[in-house]
Amino acid sequence: MQKNYDCLVLGAGIVGLATALKIQERGRSVLLVDKGEAGAATSYGNAGIIERSSIFPHAFPQQLGEILSVIGNKRLDVRFHWNALMSAAPFLYRYWRASSPERHLETAKAALPLIENCMAEHMLLVEAAGAQHLIRQTGWLKFTRNPEKMEKYLKDLETVKPYGVKAEVVDAKGFALKEPHITAPVVGAVHYTDPANVTDPQELSRAYLRLFEQRGGVFVKGDARSMDPSGDGWRVDTVQGAVTGREIVLALGPWSAEIAGTLGYHVPLGIKRGYHRHYRPVGNAVLNHTLYDADYSYCAAPMLKGVRITTGAEFAFRDGPPTPDQMNEIEPLARSTFPLGEAVEADPWMGSRPCTPDMLPVIGRGSKHKGLWFAFGHSHHGLTHAAVTGRLVAEMMSGEKTFCDPTPYRIERF
Ligand SMILES: Cc1cc2nc3c(=O)[nH]c(=O)nc-3n(C[C@H](O)[C@H](O)[C@H](O)COP(=O)(O)OP(=O)(O)OC[C@H]3O[C@@H](n4cnc5c(N)ncnc54)[C@H](O)[C@@H]3O)c2cc1C
């Protein structure tokens, strides 16, 4: 194996893979390093939505009543471990402040170029990787059984329409036509039609890896903790020995902050754990779209392995033992909504969303080191933002005009 590269990319999640591909497209030699398999960590378990319609990122509640209901620790959308709260407190305080209506709007505007380009950039990679069979262009529907909630969702829709979001308002009859096997008394839904759905997120990562290797890229197991500035570049130890690169990209998802911290970059990265489990549909029941059940706060996504039910957020230590209470409480509710049969896996999968307190990813160069780049902190939207993040890093690295102003994503903001 060659030992010297133009660029080392650490982390073969969907963000690292897309970044490696976009750098490689600029004619550079790239080595991708991960401690495990490609796409096997957080990128394995998401709801598979390339979320063109998510203009406003998930904010911290602002109303006292809502904050108190979170503290009750019984909500389906968010749970926390008391023992993790102390260490998460500085993150949560910053997150709460950044979620004020004014700052939330600023954040949405700062993230808009990433959202606007997320589909086009992914589709370039999907086509090049021959992975079209993993993509459904069916959008997703947010549905409710509650007429008052439906009124609110219609208002929410009006706030995102100016940002180019396309959607169809669906009444009970229309919903039944789209999803004939849903048994819940749905009053209506908003069908966001632009987003795409990945039917097996890890397979997409594997397809991106195959493309990377076909184009001459090398993937090797190694530990990012061994990274070291060396000469005028960087050195990392891999199972095939030490390798060097002129540039290095940290794309380590929820592990990024601790590695960046060893180099003197301190990012208050929060962790929102999430769970999923697949279920076989009963008989000939079919789910045609990815659904968000707004009453019970879960996603149901038709995937190759079955119907994937995903949960909301759990604030807990990243490496603490799984506590799939949300999953366990959601399961009977999901069963009462769609005829789910037996679970495919013995236990729910768990992963950790890497979250910045201002809800924007960290994309850009490290100011204290030559040739150091960051691509992490994509929270609820790492699949969505992966390709567009890769493009931005690659453009900055090769000195091209960037497709958007990268200033809001720089690491120095912390
Ligand atoms: C339940 C759930 C649902 C979600 N739904 C969606 C969705 O529908 N749409 C969406 O856009 N996003 C969604 N997300 C978020 C999305 O999955 C993440 O933002 C995204 O996967 C992060 O990708 P990543 O490449 O940054 O991190 P990861 O996929 O975690 O990759 C990081 C890589 O770094 C490697 N690594 C770590 N430490 C080391 C080390 N020391 N040495 C070498 N390698 C190391 C890991 O092995 C891993 O492969 C969801 C998340 C969850 C949990």
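Check the entry above for the structure.
Cut-offs and rules
Residues numbered from 1 in each chain as written. Predicted model: local features only at pLDDT ≥ 70, side-chain atom pairs only at ≥ 80, totals over all residues. Heavy atoms only, no water. Axes fitted to C-alpha atoms, helices over the stretch in contact; angles between N-to-C directions. Helix = DSSP H or I, 4+ residues; strand = E, 2+ residues; numbered from the N terminus. Parallel < 35°, antiparallel > 145°, perpendicular 65-115°, else oblique. Contact = heavy atoms within 4.5 Å. Nonpolar A, V, L, I, M, F, W, Y, C, P; charged D, E, K, R; others polar. Disulfide = S-S within 2.5 Å. Near = heavy atom within 4 Å. Polar contact = N/O pair within 3.5 Å; in protein donor to acceptor, adjacent residues only side chain to side chain. Areas by Shrake-Rupley, 256 points an atom, 1.4 Å probe, with all protein chains shown as cover. Pairing = 2+ DSSP bridges. Patch = residues over 30% accessible without salt bridge, like charges linked within 9 Å, V, L, I, M, F, W, Y side chains within 5 Å. Salt bridge = Lys/Arg side-chain N within 4 Å of Asp/Glu carboxyl O. Buried < 20%, exposed > 50% of the residue type's maximum accessible area, 1.4 Å probe, protein only. Expected span 1.5 Å × (residues − 1).

### Some details on the packing of helix α1 (residues 14-24) against helix α4 (residues 101-128)
Packing of α1 against α4 leaves a shortest axis separation of 12 Å and a crossing angle of 75 degrees. Between α1 and α4, the crossing angle belongs to the class labelled roughly perpendicular. Facing I14, A18, L21 and K22 of α1, the residues of α4 in contact are E121, H122, L124 and L125. Grouping the constituent residues of the contact of α1 with α4 by class yields five nonpolar, one polar and two charged.

### Some details on the state of the cysteines
Under the criterion given, the structure shown has zero disulfides. Here C299 is not cross-linked by a disulfide; its sulfur's nearest cysteine counterpart is in C355, at 15 Å.

### Overview of the site of the ligand
Taken together, 28 residues lie around the ligand, and D34, T42, S43, A224 and T384 are the ones closest in. The separation between a nitrogen atom of the ligand and a polar main-chain atom of I49 is 2.8 Å. H380 has a polar backbone atom sitting 2.8 Å from a nitrogen atom of the ligand. Calculation on the ligand without its partners gives an accessible area of 1000 Å², and the protein chains cover 96% of this total. At the level of secondary structure, the elements contributing two or more residues to the shell around the ligand comprise α1 and α10 (382-397). Element by element, the count of residues in the shell around the ligand is highest for α10, at three residues.

### Section: the side chain of T19
The residue T19 is located in helix α1 in this model. Once residues within four sequence positions are removed from consideration, T19 is found in contact with V249, A375, T389, G390 and V393.

### A short note on the sheet that holds strand β9 (residues 196-198)
Pairing is antiparallel in the open sheet, where three strands are placed in the order β3-β9-β5. Every other strand in the sheet has two partners, leaving β3 (49-50) and β5 (135-136) as the edge strands with one partner each.

### Here we look at a nonpolar patch on the surface
The grouping of L64, L68, I71 and W82 at the surface amounts to a nonpolar patch, some 470 Å² of accessible area in total. Residue contributions to the nonpolar patch peak at three residues, all from helix α2 (residues 64-71). Within the secondary structure layout, L64 lies in helix α2.

### Things to note about the environment of Y279
Within the secondary structure, Y279 sits in strand β14 (residues 270-281). When the C-alpha positions of Y279 and K221 are compared, they lie 32 Å apart, and in sequence the two are 58 residues distant. Setting aside chain neighbours within four positions, we find Y279 in contact with G306, V307, I309, M327, E331, R335, L340, G341, E342, A343 and V344. Only 2.9 Å separates the side chain of Y279 from the side chain of E331, close enough to count as a polar contact.

### Thoughts on the pairing of strand β1 (residues 4-10)
Walk down a regular strand and you will see the side chains alternate between the two sheet faces. Among the seven residues that make up β1, five are buried, leaving the element largely enclosed by the rest of the structure. Across six bridges, the pairing between β1 and strand β13 (residues 241-250) is parallel. Residue pairing across strands places Y5 opposite G245, the latter belonging to β13. As paired elements, β1 and strand β2 (residues 30-34) share four bridges and run parallel to each other. If you follow L10 over to β2, its bridge partner there is V33.

### As for helix α5 (residues 147-160)
The first and last C-alpha atoms of α5 sit 20 Å apart over 14 residues, in line with the 20 Å expected at 1.5 Å per residue. Its buried side turned inward, α5 meets β6 (140-144), β7 (167-171) and β8 (188-192). A side-chain oxygen of the first residue of α5 lies 2.8 Å from the backbone nitrogen of E148; this N-cap is N146.

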